Amino acid sequence: MSEDELKDNQPVENEEEKIEEAPEEGIQEQPAEEEPAVEEEAPQEEGEAPAEEEAAPAEAEAAEVAPSEAPPAEELLLPRDTLLSAGIHIGTRMKTLDMEPFIYRVRPDGLFVLDVKKTDDRIRVTAKFLSRYEHAKIAVAATRLYAQEPIRMFCKLTGATPLIGRFIPGQLSNPQYPGRIDPEVIVVSDPRADAQAVKEASKVGIPIVALCSTDNEFAGVDLVIPTNNKGRRALAVIFWLLARQLLRERGELGPDKDPPATIDDFEAKVTREEEEEP
């Protein structure tokens, strides 16, 4: 073979070697690149699995804790439906600045609506307050016709002193009046209708508890029960609740017991002729 042929054959052999080496290098490099990638991904997958497993127990614990953290159910002295059906929340189309904190909303017809929860709270506070006094030292006044029977029953159950009908001037403040009484606290069904009792009690320093609707003012009143103080059923429910709660505070009635008289017994039985009387 000539030298020219040898020269021509040499590059060909070199190219074949390069071609043969190139695949070998590619084959060796590909596993080297893929193996670390597989090894890197594997720890991530193993690391993510526990995270998901830990998340599931965390959600389960949150689900178990959620019920205990939920706000407690509303607890009223009577079911809300019973209170609303009696109309204790119904006010008038007038409101005073004094009663504004107890007003929940105004209806489309213009009537102001009282907050039932605040009424419930004040009944509890009033019962606890009255339980500090001797039975006969609690006087309860009512000029309005619908309030007279509830107050009569309230006094019968609790031993309080009823002042029913027209309040005679001097009954609290005039020492020379034969029918004068000397209570240590007085409850009135309406501070406007019972203005004379409020005036005299304030004069002699007797604490005054008053049932107040949206149109009442607090002048001379020490403790307010926000409620409908004009409705027949509403007054029966309020005084029945107050009597029951007072007996419970005194320990004369169990915490889950009711008095022998019912709300119907407290409700005024008024004829049409009596309603038309001034």
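Only a predicted model underlies this, so the values are computations on that prediction, with no experimental measurement involved.

**As for the overall build of the protein**
Part 1 of the reasoning: When its secondary structure is counted, the protein shows 8 helices and 7 strands.
Part 2 of the reasoning: Considering the protein as a whole, with its 278 residues, one finds that 37% of them fall into the buried category.
Part 3 of the reasoning: Long-range contacts, defined here as pairs at least 24 residues apart, represent 58% of the contacts in the protein between residues at least 6 apart.
Part 4 of the reasoning: Surface accessibility of the protein: about 16700 Å² in total, with carbon and sulfur atoms responsible for 50%.

**Here's the deal with the nonpolar core**
Part 1 of the reasoning: Among the nonpolar cores identified, the biggest contains 41 residues, and Val 140, Phe 154 and Phe 266 are the most heavily contacted of them.
Part 2 of the reasoning: If one sorts the elements of this core by residue count, helix H6 (residues 232-250) sits on top with 11 residues.
Part 3 of the reasoning: The residues touching Phe 154, leaving out its near neighbours within four places in the chain, are Val 140, Ala 160, Phe 239, Leu 242, Ala 243, Leu 246 and Phe 266.
Part 4 of the reasoning: Counting 21 residues, the second largest nonpolar core, distinct from the first, contains Met 99, Ala 139, Ala 201 and Ala 210.

**As for the pattern of salt bridges**
Part 1 of the reasoning: Under the criterion given, the structure shown has 13 salt bridges.
Part 2 of the reasoning: Across the salt bridge formed by Arg 232 and Glu 267, the nearest N and O atoms sit 3.7 Å from each other. Here the residue Arg 232 occupies a position in helix H6, and Glu 267 occupies one in the loop between helix H7 (263-266) and helix H8 (272-276), the gap between them amounting to 35 residues.
Part 3 of the reasoning: Overall, the relative accessible area of 18% leaves Glu 267 in the buried class.
Part 4 of the reasoning: Glu 267 serves as the salt-bridge partner of Arg 233, at 2.7 Å between the closest nitrogen and oxygen.

**Description of the packing of aromatic side chains**
Part 1 of the reasoning: Tallied over the entire structure, the rule returns 3 aromatic pairs.
Part 2 of the reasoning: Summarising the aromatic geometry, the rings of Phe 154 and Phe 239 are spaced 5.9 Å apart at their centres and angled 65° between planes, so their arrangement reads as edge-to-face. One end of the pair, Phe 154, is in helix H4 (residues 145-158); the other, Phe 239, is in helix H6, with 85 residues separating them in the sequence. In this pair, the class of Phe 154 matches that of Phe 239, namely buried.

**Considerations on the pairing of strand S4 (residues 161-164)**
Part 1 of the reasoning: As paired elements, strand S3 (residues 138-142) and S4 share 4 bridges and run parallel to each other. Looking across to S4, one finds that Val 140 is bridged to Pro 162.
Part 2 of the reasoning: Read as a crossover between parallel neighbours, the route from S3 over H4 to S4 is right-handed.

**As for helix H3 (residues 116-130)**
Part 1 of the reasoning: If you check H3, its first and last C-alpha atoms are 21 Å apart, about what 15 residues at 1.5 Å a residue would give, namely 21 Å.
Part 2 of the reasoning: Listing the buried residues of H3 in full gives Val 116, Thr 119, Asp 120, Ile 123, Thr 126, Ala 127 and Leu 130. End-on view of H3: buried residues confined to an arc of 125°, all on one side of the axis.
Part 3 of the reasoning: At the N-terminal boundary of H3, the capping side chain belongs to Asp 115, with an oxygen 3.0 Å from the backbone nitrogen of Lys 117.

**Section: the packing of H3 against H6**
Axes are the key here: two packed helices are described by the angle between their axes and the distance separating the axes.
Part 1 of the reasoning: Two elements in contact, H3 and H6, have axes whose closest approach is 8 Å; the angle formed by their N-to-C orientations is 45°. The pairing of H3 with H6 is recorded here as oblique in orientation. Crossing angle aside, the handedness with which H3 passes H6 is right-handed. Together, Thr 119, Ile 123, Arg 124, Thr 126, Ala 127, Lys 128 and Leu 130 of H3 and Ile 238, Leu 241, Leu 242, Gln 245, Leu 246 and Glu 249 of H6 make up the contact between the two elements.

**With respect to the sheet that holds S3**
The strands that make up a sheet are held in pairs by hydrogen bonds between backbone atoms, and each pair lies either parallel or antiparallel.
Part 1 of the reasoning: Sheet architecture is open: 5 strands sit in the order S4-S3-S5-S6-S7, paired in parallel fashion. Across the chains shown, the open sheet's two edge strands, defined by having one partner strand only, are S4 and strand S7 (223-226). Going across the sheet, the axis of each strand differs from the next one's by a mean of 20°, ignoring polarity.
Part 2 of the reasoning: H4 contacts S3 and S4 of the sheet and is inclined by roughly 165° relative to S3.
Part 3 of the reasoning: Sheet strands in contact with helix H5 (residues 195-204) are S3, strand S5 (185-188) and strand S6 (208-212), and its direction is about 160° off that of S5.

**Description of the side chain of Ser 189**
Part 1 of the reasoning: Along the chain, Ser 189 falls in the loop between S5 and H5.
Part 2 of the reasoning: The contact partners of Ser 189, leaving out residues within four places of it in the chain, are Ala 141, Ala 142, Thr 143, Ala 147, Ile 151, Asp 194, Leu 211, Asn 229 and Phe 239.

**A closer look at the environment of Arg 144**
Part 1 of the reasoning: In this fold, Arg 144 is placed in the loop between S3 and H4.
Part 2 of the reasoning: Residue Arg 144 is classed as partly exposed on the basis of its relative accessible area, which comes to 30%.
Part 3 of the reasoning: Distance in space between the C-alpha atoms of Arg 144 and Asp 194 is 8.4 Å, their sequence separation being 50 residues.
Part 4 of the reasoning: In this structure Arg 144 touches Asp 190, Ala 193, Asn 229 and Lys 230, once residues within four positions along its chain are discounted.
Part 5 of the reasoning: A polar side-chain atom of Arg 144 sits 2.9 Å from a polar atom in the side chain of Asp 190.

Reading the values: the criteria
- In this numbering scheme, every chain counts its residues from 1 along its sequence in written order.
- The predicted nature of this model means local features are confined to residues of pLDDT at least 70 and side-chain atom pairs, given and counted, to a pLDDT of 80 or more, with totals for whole chains, interfaces and linings taken over all residues.
- Excluding hydrogens and water, the side-chain values take into account all heavy atoms of the structure.
- Only runs of H or I of at least four residues qualify as helices and only runs of E of at least two qualify as strands under DSSP, and these elements are numbered from the N terminus.
- Only protein chains enter the area calculation, which uses a 1.4 Å probe; residues under 20% of their type maximum are buried, those over 50% are exposed, and those in between are partly exposed.
- Any two residues whose heavy atoms approach within 4.5 Å at even a single point are treated as in contact.
- Computed by Shrake-Rupley with a 1.4 Å probe, the accessible areas treat only the displayed protein chains as cover when residues are assessed.
- Put simply, buried Ala, Val, Leu, Ile, Met, Phe, Trp, Tyr and Cys residues joined by side-chain atoms within 4.5 Å make one nonpolar core.
- One speaks of a salt bridge when a side-chain nitrogen belonging to Lys or Arg is within 4 Å of a carboxyl oxygen belonging to Asp or Glu.
- Centres within 6.5 Å are what make two rings of Phe, Tyr or Trp a pair, Trp counting through its six-membered ring; a difference in plane orientation under 30 degrees is then read as stacked, over 60 as edge-to-face, and the rest as tilted.
- One requirement defines pairing of two strands: DSSP has to find at least two bridges between them.
- For a crossover, the right-handed case is the one in which the path from the first strand over the helix to the second runs clockwise, viewed with the strands pointing away from the viewer.
- A helix is expected to reach a length of 1.5 Å times the quantity of its residues less one.
- What the arc covers is the set of directions going from the helix axis to the C-beta atoms.
- N or O atoms closer than or at 3.5 Å make up a polar contact, with two conditions inside protein: a donor-capable atom paired with an acceptor-capable one, and, for residues adjacent in sequence, both atoms drawn from side chains.
- Helix axes are fitted to C-alpha atoms over the stretch in contact, other axes to C-alpha atoms as well, and angles between N-to-C directions run from 0 to 180 degrees.
- The labels follow the angle: roughly parallel below 35 degrees, roughly antiparallel above 145, roughly perpendicular from 65 to 115, and oblique for the rest.
- Note on convention: the crossing is left-handed when the near helix lies turned anticlockwise from the far helix by less than a right angle, right-handed when the turn is clockwise.

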